[in-house]
Amino acid sequence: MKKGLFVLVFIVALVYSILVQSQINSEVEELFGDNEEAEIIVVLKDDYSVLQEYGISSYDKDDFEMKKMMIAEQQEYVLKDLILKKKELSAQANEDYDFELTNVYATVNGFAGKLKKSSYQKLRNNPKVVKIYKTKNITLFLNNSAGIINATRTWSLIYSGINITGKAESVCVIDTGIDYTHAALGKCTTNTFTNGECPKVISGYDFVNSDNDPIDDHGHGTHVSGIVASTNESIRGIAPDANIIAIKVLDSSGVGNTPKLINGIDWCVNNASIFNISVISMSLGIAGYKNTTYCDTSDNPLLVDAIHNAINRNMSVVVAAGNDGASPLGVSTPACISNVTVVGSTDKSDAISSFSDRWALPMLFAPGSSITSANLGGGF
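Residues numbered from 1 in each chain as written. Predicted model: local features only at pLDDT ≥ 70, side-chain atom pairs only at ≥ 80, totals over all residues. Heavy atoms only, no water.

## Here's the deal with the overall build of the chain
To be explicit about the condition: Helix numbers and strand numbers start at the N terminus; a helix is a DSSP run of H or I with at least 4 residues, a strand a run of E with at least 2. Three exposure classes are used, based on accessible area relative to the maximum for each residue type with a 1.4 Å probe and protein chains only: buried under 20%, partly exposed in between, and exposed over 50%. Accessible surface area values rest on a Shrake-Rupley calculation with a 1.4 Å probe, where residue burial reflects the displayed protein chains alone.
Tallying secondary structure elements over the chain gives 10 helices and 16 strands in all. Among the 380 residues that make up the chain, the fraction classed as buried is 47%. As presented, the chain carries roughly 18500 Å² of accessible surface, and 51% of it is formed by carbon and sulfur atoms.

Printed below as a string of structure tokens:
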């Protein structure tokens with residue numbers, strides 16, 4: 001009897017081992033294919049018990065600073081077990097490494113970078129790692145906006161003694177950067193901007209070139225910012241008195257990736273109290289992905305977490321639905337994430353543009369229903 005039970009346990013263990021190995025092989029194939037290295041995003045387990053070493057015995061998961069401390073501890077714990085690529089060393093001197101860290105976050109529990117296929121198992125077996133998934137590319141979605149959405153009517157309204165023009169509020173524009181030298185956006189020099197002395201575009205960061213100068217080398221981010229807050233008397237922005245934060249995650253060709261997008265949202269959330277950021281605008285998305293339902297359980301969990309962090313801190317997250325054209329039913333990612341404000345495109349007659357993506361349920365999309373950073377025609 002005991003011998004039979006032992007054989008049964010052995011067979012079950014063997015089958016389980018085969019299934020696990022098969023799953024690992026499938027994951028490796030999906031991540032790496034024929035490549036020896038892959039750009040990946042790592043999601044870590046939330047574990048507030050790591051704060052005990054700080055003498056913290058009770059954990060308030062709604063405490064923002066406590067959450068950031070926990071995230072930093074989890075990142076350090078996982079990364080210390082990997083041999084990281086050193087940027088200052090030559091390629092030859094860097095041959096023996098597991099991981100090249102490219103993106104680290106303050107408000108979402110994870111990080112991103114390039115992982116060697118030979119080191120996949122080492123990272124996957126870490127008990128604090130919840131998920132490893134592939135980076136995806138994002139791309140941009142493209143002066144009659146103010147009148148069409150009735151913004152001009154709000155400028156004369158007064159709330160608590162203040163006209164509703166965006167005064168003292170800041171909008172994070174996550175895009176190709178912003179031309180802060182433009183006359184309608186502050187007309188600042190590079191020195192003025194980097195010194196924090198620009199009156200309109202008050203701060204930002206360039207995650208493409210990893211520096212403090214998110215100047216626009218494409219034009220799309222400047223166009224979007226003009227729609228949001230231009231001070232030009234003839235072509236006023238929707239909220240002409242609002243400040244702008246320039247977050248560059250798309251390069252000169254209008255292309256970026258999900259780790260940089262998460263970085264941009266993370267920066268806006270982490271600096272919201274410093275610059276009074278109340279809105280995040282993203283006229284971009286993952287091309288080719290059409291969603292007719294919410295995608296919170298998608299294969300981009302860290303992106304979902306980043307956006308929910310912003311919303312939970314009372315920030316409005318405005319995202320372009322997409323300008324796919326050929327098949328308009330369904331919206332792109334991240335427009336499909338719950339509680340974001342999804343915005344499509346209308347023409348000058350306030351009719352839905354033929355190329356504008358939209359939800360499957362018509363009541364979830366209404367032309368002229370919100371501030372738009374999607375293409376409404378014309379230029380800035």
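## Things to note about the environment of Ala184
Along the chain, the position of Ala184 falls in the loop between strand E8 (170-175) and helix H6 (190-194). Spatially, the C-alpha atom of Ala184 lies 8.5 Å from that of Ala229, the residues being 45 residues apart in sequence.

## Here we look at the packing of aromatic side chains
Rule in force here: In this scheme Phe, Tyr and Trp rings, the latter by its six-membered ring, pair at centre separations within 6.5 Å, and the angle between planes marks the pair as stacked below 30 degrees, edge-to-face above 60, and tilted otherwise. For a Lys NZ or an Arg CZ to count as sitting over a ring, it must be within 6 Å of the ring centre and within 35 degrees of the ring normal.
Across all of its chains, the model carries five aromatic pairs by this definition. Ring centres of Tyr205 and Phe207 lie 4.7 Å apart, and the angle between their planes is 55°; on these two criteria the pair is classed as tilted. A cation sits over an aromatic face here: Lys80 above Tyr77, 4.6 Å from the ring centre. The aromatic ring of Tyr97 is capped on one face by Lys116, whose charged end is 4.2 Å from the ring centroid.

## With respect to the sheet that holds strand E11 (residues 255-257)
Quick note on the threshold: Strand pairing is defined by DSSP finding a minimum of two bridges between the two strands. Every angle, taken between N-to-C directions, lies between 0 and 180 degrees, and every axis is a line fitted to C-alpha atoms, over only the stretch in contact when it is a helix. Between two residues, a contact is recorded if the distance between any of their heavy atoms is within 4.5 Å.
Across the sheet, which stays open at both edges, the four strands sit in the order E11-E5-E13-E15 with antiparallel pairing between neighbours. The open sheet has two free edges, formed respectively by E11 and strand E15 (331-333), since each of these has just one partner strand. Each strand axis lies, on average, 55° off the axis of its neighbour in the sheet, ignoring direction. Of the strand pairs in this sheet, strand E13 (residues 284-291) and E15 are connected by two bridges, and their pairing is antiparallel. Of the residues in E15, the one forming a bridge with Asn291 is Val331. Against the sheet, helix H8 (residues 258-270) makes contact with strand E5 (137-140), E11 and E13, and its axis sits at roughly 80° relative to E11, the strand it touches most.

## A look at the confidence of the model for the chain
Selection criterion: The pLDDT value tells you how sure the predictor is about a given residue, anywhere from 0 up to 100.
Per-residue pLDDT for the chain averages 83, and the proportion of residues at 70 or more is 78%. Every residue in residues 360-380 is under pLDDT 50, and counting partners more than four places away or in other chains gives 56 contacts.

## Digging into helix H7 (residues 220-229)
Burial within H7 is extensive, with 10 of its 10 residues counted as buried. Every buried residue of H7 is listed here: His220, Gly221, Thr222, His223, Val224, Ser225, Gly226, Ile227, Val228 and Ala229.

## Digging into the sheet that holds strand E2 (residues 99-104)
Taken in spatial order, the four strands of this open sheet run E2-E3-E1-E4, and their pairing is antiparallel. The open sheet is flanked by E2 and strand E4 (129-134), the only strands paired with a single partner. Neighbour-to-neighbour, the strand axes of this sheet turn through a mean angle of 30°, independent of strand direction. Direction of pairing for strand E1 (residues 37-44) relative to E4: antiparallel, over a ladder of five bridges. When the sheet's bridge partners are listed, Ile41 is paired in E4 with Tyr133.

## Let's talk about the state of the cysteines
By definition, a disulfide links two cysteine residues through a covalent bond between their sulfur atoms. Going by this rule: When the sulfur atoms of two cysteines come within 2.5 Å, that pair is taken as a disulfide.
This structure, assessed with the given rule, holds three disulfides. Paired through a disulfide, Cys172 and Cys268 show a sulfur-sulfur distance of 2.2 Å. One quick way to see it: the torsion about the S-S bond of Cys172 and Cys268 is about -100°, and its sign makes the bridge left-handed. Remark: Cys268 occurs in helix H8 and Cys172 occurs in strand E8; sequence separation between them is 96 residues.

## Comments concerning helix H2 (residues 64-79)
In plain terms, the rule: One fewer than the residue count of a helix, multiplied by 1.5 Å, yields its expected span. We call two N or O atoms a polar contact when they sit within 3.5 Å, provided that within protein one can donate a hydrogen and the other can accept it, with sequence-adjacent residues counted only if both atoms are side-chain atoms.
Between its first and last C-alpha atoms H2 spans 23 Å; for 16 residues at 1.5 Å apiece the expected length is 22 Å, and the two agree. Taken as a whole, H2 has its buried residues at Phe64, Met66, Lys68, Met70, Ile71, Glu73, Gln74, Gln75, Val78 and Leu79. Contacts made by the buried residues of H2 are with E1, E2, strand E3 (110-116), helix H3 (120-124), E4 and H8. Its side-chain oxygen 3.1 Å from the backbone nitrogen of Glu65, Asp63 forms the N-cap of H2.

## Things to note about the packing of H8 against helix H10 (residues 301-312)
As a reminder of what qualifies: Any angle between 65 and 115 degrees counts as roughly perpendicular, while under 35 counts as roughly parallel, over 145 as roughly antiparallel, and the rest as oblique. Crossing handedness follows the turn of the near helix against the far one: under a right angle anticlockwise gives a left-handed crossing, and clockwise gives a right-handed one. Put simply, Ala, Val, Leu, Ile, Met, Phe, Trp, Tyr, Cys and Pro go in the nonpolar bin, Asp, Glu, Lys and Arg in the charged bin, and everything else, Gly too, in the polar bin.
Across the interface, H8 lies against H10 with an axial gap of 9 Å and an inter-helix angle of 20°. Overall, the two elements H8 and H10 adopt an arrangement that is roughly parallel. In the crossing of H8 with H10, the sense of the turn from one axis to the other is left-handed. Of the residues in H10, those touching H8 at Leu261, Ile262, Ile265 and Val269 are Leu302, Leu303, Ala306, Ile307, Asn309 and Ala310. Each residue belonging to the contact of H8 with H10 can be placed in one class, and the counts come to nine nonpolar, one polar and no charged.

## Re the nonpolar core
Definition in use: Residues belong to a common nonpolar core when they are buried Ala, Val, Leu, Ile, Met, Phe, Trp, Tyr or Cys residues joined through side-chain atoms within 4.5 Å.
Counting 47 residues, the largest nonpolar core has Ile174, Ile265, Ile280 and Met282 as its most contacted members. Residue contributions to this core peak at seven residues, all from H10. The residues contacting Ile174, other than those within four sequence positions of it, are Ile247, Val249, Leu261, Gly264, Ile265, Cys268, Ile280, Ser281, Met282, Ser283 and Leu284.

## Quick word on the pattern of salt bridges
Our working rule: Definition used for salt bridges: Asp or Glu carboxyl oxygen within 4 Å of a side-chain nitrogen of Lys or Arg.
Within the structure shown, the criterion is met by eight salt bridges. When the shortest N-O distance is used, the salt bridge between Glu27 and Arg124 registers 2.7 Å. Of the two residues, Glu27 sits in helix H1 (residues 2-32) while Arg124 sits in helix H3, which places them 97 residues apart along the sequence. Under the relative-accessibility criterion, Glu27 is labelled partly exposed at 21%. Taking the shortest distance from any N to any O, the salt bridge between Lys136 and Asp299 comes out at 2.7 Å. On the basis of relative accessibility, which here comes to 33%, the residue Asp299 falls in the partly exposed class.

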